[in-house]
Amino acid sequence: MNIDDLVIYDCPLCEGASLLEEEGNSYYVTCMECGCHSVNVNFKTDEDRYKAAQKTIELWNKGKVIKLEPGE
């Protein structure tokens, strides 16, 4: 089970390239084109790290994204 083997789809909004990011003890996916992102999925132990990455990517691939428009 390697995080690099997980498949991240292109952005569901603009079809831009997507990137899995680790921030502290959480993961999120962000679009390199439009800037939308997934929720942060937290992990507490190294054993939970893969599950958190997998859940983050699963939500992203289903189209569960956050997009802030100007003025929000």
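In case you missed it, the structure is sitting above this.
Residues numbered from 1 in each chain as written. Predicted model: local features only at pLDDT ≥ 70, side-chain atom pairs only at ≥ 80, totals over all residues. Heavy atoms only, no water.

J.: What is the right way to look at the sheet that holds strand β1 (residues 18-23) in this model?
T.: Backbone hydrogen bonds are what pair the strands of a sheet, in a parallel or an antiparallel way. Strand order in the open sheet formed by 3 strands is β1-β2-β3, and the pairing between neighbours is antiparallel. What marks the edges here is a single partner per strand, and that holds for β1 and β3 (41-42). As paired strands, strand β2 (residues 26-31) and β3 are joined by 2 bridges and run antiparallel to one another. Opposite Y27, over in β3, you have V41 as the bridge partner. (Pairing = 2+ DSSP bridges. Helix = DSSP H or I, 4+ residues; strand = E, 2+ residues; numbered from the N terminus.)

J.: I keep staring at the pattern of salt bridges and nothing clicks. Help me out?
T.: If the charged atoms of two oppositely charged side chains come close together, the side chains can form a pair. In this structure the tally under the stated criterion is 4 salt bridges. Note that K55 is salt-bridged to E58, the shortest N-O span being 3.8 Å. Of the two residues, K55 and E58 both sit in helix α1 (residues 46-61), 3 residues apart, roughly one turn of that helix. Relative accessible area serves as the criterion here: at 38%, K55 is assigned to the partly exposed category. With a relative accessible area of 32%, E58 lands in the partly exposed category. One connected set of salt bridges, linked through shared partners, spans E22, D46 and R49. (Salt bridge = Lys/Arg side-chain N within 4 Å of Asp/Glu carboxyl O. Buried < 20%, exposed > 50% of the residue type's maximum accessible area, 1.4 Å probe, protein only.)

J.: What should I look at first to understand the side chain of T30 in this one?
T.: One can find T30 in strand β2. Beyond its immediate sequence surroundings of up to four residues, T30 is in contact with A17, S18, L19, E21, G35, C36, H37 and W60. (Contact = heavy atoms within 4.5 Å.)

J.: Got a minute to help me understand the environment of K64 in this structure?
T.: Relative to the helices and strands, K64 is located in the segment after α1. For K64, a relative accessible area of 53% puts it in the exposed group. Between the C-alpha atom of K64 and that of Y27, which follows or precedes it by 37 residues, the distance is 14 Å. Filtering out sequence-adjacent residues up to four positions away, K64 remains in contact with S38 and L59.

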